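Results of the structural survey
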Amino acid sequence: MKKMKTILTAGALAVSAMSAVWFAGATQANEPGVIEFNEAEVSRILRHGPWPMKWSPDPSNRVSGNTHAVDLGERLFFDEKLSANDKVSCGTCHIAEYNWTDGVKRNQGLALVDRNTPTLMNMRHHRWFALDGAADSLWSQSIRPILDARELGSNAAHVAQYLRKDADLSCRYEKTFGISPSKQDDEAVLVGVGKVMAAFQETLTTEFTPFDQFRDALARGDKAAAGLYPRDARRGLQIFIGKGICSTCHTGPMFTNGEFHDIGVSHFIEGGSKKVDGGRHDGIKLLLGSKFNLLGPYNDDATRATATKTTHLKPERRNFGEFKVPSLRNVGYTGPYMHSGEMMTLEQVVRHYSELNIERLHTDGESLLRPLKLTQRESADLVAFLQTLNMDRAPPWRGKEYAMPPCTVGSKAVVEDNYAAP
Ligand code: HEC
Ligand code: HEC
């Protein structure tokens, strides 16, 4: 907890320095040189909200939104006993206090992994999971690190045995699913664990930001409130939705179209091996080969509507070097940046787009991207805008104070007890 405070203060300092400007700036809109957005720009800005977004439970996961599942999922997320050496949990790399990432380039479970740890914030609004989209549901993505030799290095038998032997966990499992883990086979229990972990992760969401406040003020036509938005962020926003074309990929309230693109980040995996990260191309192959995908037997959605997008996938040449467009909400807290974690700061990210080397783009055909050749001030403005996408305080997480009391065996399983979707 101590460590959390320090880290967040670093981020929070930048933001609170900014909020000072934000509140002092009430009269800015009337000052000369302050940007007024035209109608087309306003309509583009409005598309990045409102926040929070509507959400309804995931039909492919029958315990999505279930309070017992959330509770059990949270416990297992931090439980190192699921791993092969009793030392690694999901929380090793997805650290609440670090906005559910870890602040390092690449982290280590049982061994060093190939990619930067993404945040788990707002996962419930994603369509594809992992940076190469190798999973098509949050629950199947949650199974992958359990089995991956570099992460938890575990297997279905180990996980199932652990739950069966622990009376409290068994009881919670039974309350969630209506069946004891002792009456299910190992693989079914593993899938159950993935599903409760998904239910827990679905509760991790970012809050209203200075940008949202500005966006809603524009929507209401409230000039005085809109005038509070700092002017450097305002200029940066104009670049973001204008000549920077950032919002063609970083679209909507999540600031991502949820799809995959090549933006010319190196494809080599650091470490001298000259191993190449195949990105989305290899992700599609992994996804189609997985028995935990939405086409498989563990999808709880009887209509199978959730599997439609997966049915139409096939790896194509253009998918090499494509990675998922990250959400930019809380982006001030997700560094280092890019799938490889090779950029330490937002300034470096903006420089990447400004000085882009188009020869590094592997995309077939015409790419949208051109070097933006931004001036120093424009670059700083763009960063100032990105910083307004951060919540200005620590992620609201109660710590490991579980909502549920000790479990009593024999009580009726509660599966209809759903969270109200906000
Ligand atoms: C060793 C560090 C590490 C551990 C341990 C770990 N993760 Fe991750 N996580 C990552 C990395 C790296 C990625 C990106 C993976 C990729 O692109 O293939 C990731 C991706 C994810 C994603 C997808 C994020 C997105 O943007 O699509 C989810 C969800 C996730 N992890 C959940 C979990 C859960 C649940 C556990 C525990 C069972 C876990 N992780 C354990 C490092 C880790
Ligand atoms: C063609 C689509 C596209 C456009 C246009 C685009 N981006 Fe991105 N952006 C991506 C993709 C894809 C990644 C992830 C690349 C990777 O992981 O290697 C990314 C990564 C980022 C990141 C790092 C986020 C993180 O958590 O790692 C930031 C910040 C960012 N973009 C901001 C911008 C800005 C600012 C602009 C406009 C100057 C912009 N993007 C234009 C697709 C795009």
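Everything here concerns the structure above.
Below: a short report on this structure. (Residues numbered from 1 in each chain as written. Chains lettered and ligands numbered in written order. Predicted model: local features only at pLDDT ≥ 70, side-chain atom pairs only at ≥ 80, totals over all residues. Heavy atoms only, no water.)

**A closer look at the coordination of the iron atom of ligand 1**
Just one protein atom coordinates the iron atom of ligand 1, and that atom is His94 (NE2), at 2.1 Å. Mapped onto the elements, His94 comes out in the loop between helix H4 (90-93) and helix H5 (138-147). (Donors = N, O, S within 2.8 Å, 3.2 Å for Na, K, Ca; no water. Helix = DSSP H or I, 4+ residues; strand = E, 2+ residues; numbered from the N terminus.)

**Focus on the site of ligand 1**
Neighbouring ligand 1 are 27 residues; Cys90, Cys93, His94, Ala130 and Lys324 lie closest to it. Between Arg115 and ligand 1, the recorded distance is 2.8 Å, taken from a side-chain N or O atom to an oxygen atom. At 3.2 Å from a nitrogen atom of ligand 1 is found a side-chain nitrogen or oxygen belonging to Glu151. Those elements giving two or more residues to the shell around ligand 1 turn out to be H4, H5 and helix H8 (186-201). Sort the elements by how many residues they give to the shell around ligand 1 and H5 lands first, with five residues. (Near = heavy atom within 4 Å. Polar contact = N/O pair within 3.5 Å; in protein donor to acceptor, adjacent residues only side chain to side chain.)

**Some details on the environment of Phe240**
For Phe240, the location among the structural elements is in helix H11 (residues 231-241). Note: C-alpha distance between Phe240 and Leu382 (142 residues apart in sequence) is 7.0 Å.

**Topic: the site of ligand 2**
Around ligand 2 sit 25 residues, and of these Cys246, Cys249, His250, His339 and Tyr353 come closest. His339 has a polar side-chain atom sitting 2.6 Å from an oxygen atom of ligand 2. At the level of secondary structure, the elements contributing two or more residues to the shell around ligand 2 comprise strand E2 (323-324) and helix H14 (346-354). At three residues, H14 tops the list of elements feeding residues into the shell around ligand 2. Its residues placed into classes, the shell around ligand 2 shows 18 nonpolar, six polar and one charged. (Nonpolar A, V, L, I, M, F, W, Y, C, P; charged D, E, K, R; others polar.)

**Thoughts on H8**
The periodicity of an α-helix, 3.6 residues per turn, causes residues three or four places apart in sequence to face the same way. For H8, spanning 16 residues, the distance from its first C-alpha to its last is 23 Å, which sits close to the expected 22 Å at 1.5 Å a residue. When you tally the buried positions in H8, you get 14 out of 16 residues, the bulk of the element. Among the residues of H8, the N-terminal cap falls to Asp185, whose side-chain oxygen and the backbone nitrogen of Glu187 are separated by 3.2 Å. (Expected span 1.5 Å × (residues − 1). Buried < 20%, exposed > 50% of the residue type's maximum accessible area, 1.4 Å probe, protein only.)

**Notes on the side chain of Asn299**
Positionally, Asn299 belongs in the loop between helix H12 (280-288) and helix H13 (308-311). Residue Asn299 is classed as buried on the basis of its relative accessible area, which comes to 5%. At a separation of 2.8 Å, a polar atom in the side chain of Asn299 contacts the main-chain amide nitrogen of Asp301. In this structure the side chain of Asn299 is engaged in a polar contact, spanning 3.2 Å, whose partner is the side chain of Thr306. The residues contacting Asn299, other than those within four sequence positions of it, are Ser60, Trp139, Leu294, Arg304, Thr306 and Ala307. (Contact = heavy atoms within 4.5 Å.)

**Remarks on the pattern of salt bridges**
Evaluation of the coordinates by the stated rule reveals 22 salt bridges. Its salt-bridge partner being Arg215, residue Asp216 comes within 2.8 Å of it at the nearest N-O pair. Ionic pairing is found between Glu316 and Lys314, a salt bridge with its closest N-O pair at 3.9 Å. Salt bridges sharing common partners tie together Asp71, Arg75, Asp168 and Arg172. (Salt bridge = Lys/Arg side-chain N within 4 Å of Asp/Glu carboxyl O.)

**Section: unusual backbone geometry**
Excluding glycine, residues mostly have negative phi values, and the peptide bonds linking residues are mostly trans. The linkage connecting Trp51 with the following residue, Pro52, adopts the cis geometry, with an omega of 0°. Looking at the secondary structure, you find Pro52 in the loop between helix H2 (39-46) and helix H3 (67-77). Between Gly335 and the following residue, Pro336, the backbone shows a cis peptide bond with an omega angle of -5°. For Pro336, the position within the fold is in the loop between E2 and H14.

**Looking at the nonpolar core**
Ranked by internal contacts, the top residues of the largest apolar core, which has 44 residues, are Leu76, Leu82, Trp100, Trp139, Leu163 and Val193. Mapped onto this core, the elements with two or more residues apiece are H3, H5, helix H6 (156-165), helix H7 (167-177) and H8. Ranked by residues supplied to this core, first place goes to H8 with nine residues. Excluding anything up to four places from it in sequence, Leu76 contacts Leu82, Leu163, Leu169, Val193, Val196 and Met197. Core analysis: the second largest hydrophobic core is formed by 35 residues, Met338, Val349, Leu361 and Leu372 among them. (Core = buried A, V, L, I, M, F, W, Y, C linked by side-chain atoms within 4.5 Å.)

**Notes on the environment of Thr345**
Tracing the backbone shows Thr345 in the loop between E2 and H14. With 38 residues separating them in the primary sequence, Thr345 and Val383 have C-alpha atoms 9.6 Å apart. A polar side-chain atom of Thr345 sits 3.1 Å from the main-chain amide nitrogen of Gln348.

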